[in-house]
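Results of the structural survey
Take a look at the letters that make up each chain.
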Amino acid sequence: MLVTRTKSKIWVRNNNSPNFSCPSFKDIQTLFSDDSNSTYSPIPTKKPNIFHRVRRVNAILRALTNRPGPDFQSKPESTRKSDPLIQIPGAEKKIVIYFTSLRVIRSTFDDCKTVRSILRSFRVSIDERDVSMDAGFMEELKTILGKKTKLSLPRVFIGGRYIGGAEEIRQLHEAGELKKYVEGLIPADFSTCEVCGGHRFVLCDECSGSHKCYSEKGGFRTCTGCNENGLIRCPSCYYAPITLL
């Protein structure tokens, strides 16, 4: 924009004047440019791509199609068609759980603690088999589920029927289906065994819990009457090991 001074008729250019812009005359700014050869180049704008919405919708549809339905997720392992029916003879009226009380693997210990707490809330008979107290329990579990099966704890059997691990118990409990599995089971006996104090194991009488016996002829030998911890199952609340049909 050009302005005139009061005492002089010399025309000067005012560089502080704002640029004139008009949406319908975008090239008018080039008229005020010092360089007559310069051309106006507006900032290019990126056109919105509508195809990314189509790709996103297709990805969501594929995920929903491949994801198993809620009925499959809520069913325990033993009720899925791909899994064989696994049962424990003689445990039709109680719950059998294989777990560990060791804190070596924190996630496994937390899963065992959570599952035991859920099952105990139903106040039914529970046969808790701690593999850390007796390695024979792990051998039983391998015999039931198969030697090639990758075992993880806990493992739960309800009414003699294999249900699954921690994830299956959580899903059934959250869906309100677990209480249907425990209906008709023997109520829990909250009395404490006077012999073992509820630990289900006592010290071996032959080796006094050392798992070693001494004889004058052969010296020290491994005790065959107890497990690797020098313990035997309580004779008062003893339960026989599992025998498969």
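Calculation criteria
By convention here, each chain's residues receive numbers from 1 onward along its written sequence. A pLDDT threshold of at least 70 governs which residues receive local features in this predicted model, and a stricter bar of 80 or more applies before side-chain atom pairs are shown or counted, although totals over entire chains, interfaces and linings include all residues. Water and hydrogen atoms were dropped before computing side-chain values, which therefore reflect all heavy atoms in the structure. By the criteria applied, helices consist of DSSP H or I runs no shorter than four residues and strands consist of E runs no shorter than two, each listed in order from the N terminus. Note on classification: 1.4 Å probe, protein chains only; a residue is buried when its accessible area is under 20% of the maximum for its type, exposed when over 50%, partly exposed between these limits. Here, two residues are considered to be in contact whenever any of their heavy atoms come within 4.5 Å of each other. Residue burial considers only the protein chains on display, and all accessible areas are found by Shrake-Rupley using a 1.4 Å probe. Arc definition: directions from the helix axis to the C-beta atoms. Axes, fitted as lines to C-alpha atoms, cover a helix only where it is in contact. Angles between the N-to-C directions of the axes lie from 0 to 180 degrees. For a crossing to be left-handed, the near helix must be turned anticlockwise from the far one by less than a right angle; the clockwise case is right-handed. Here the term charged refers only to Asp, Glu, Lys and Arg, the term nonpolar to Ala, Val, Leu, Ile, Met, Phe, Trp, Tyr, Cys and Pro, and the term polar to all other amino acids, Gly among them.

Under an unreviewed UniProt entry, the name given to the chain is Glutaredoxin domain-containing protein, and the organism recorded is Anisodus acutangulus.

Secondary structure assignment for the chain yields six helices and 10 strands. Residue burial in the chain is summarised as follows: out of 245 residues, 28% are buried. Taking contacts inside the chain between residues at least 6 apart in sequence as the whole, the part at least 24 apart equals 62%. With the model as given, the accessible surface of the chain reaches about 17900 Å², and the carbon-plus-sulfur share is 54%.

Before going further, it helps to examine helix α5 (residues 166-175). Among all positions of α5, only A166, E168, I169 and L172 are buried. Viewed end-on, α5 has its buried residues packed into an arc of 165°, placing them on one side of the element. At the C-terminal side of α5, G176 shows a positive phi close to 80°.

A separate point is the packing of helix α3 (residues 106-120) against α5. Put simply, α3 and α5 touch, their axes get as near as 10 Å, and they point 35° apart. For the crossing formed where α3 meets α5, the hand is left-handed. The segment α3 lies against α5, with D111, T114, V115 and I118 engaging A166, I169, R170 and H173. Looking at the contact of α3 with α5 residue by residue, the class counts come to four nonpolar, two polar and two charged.

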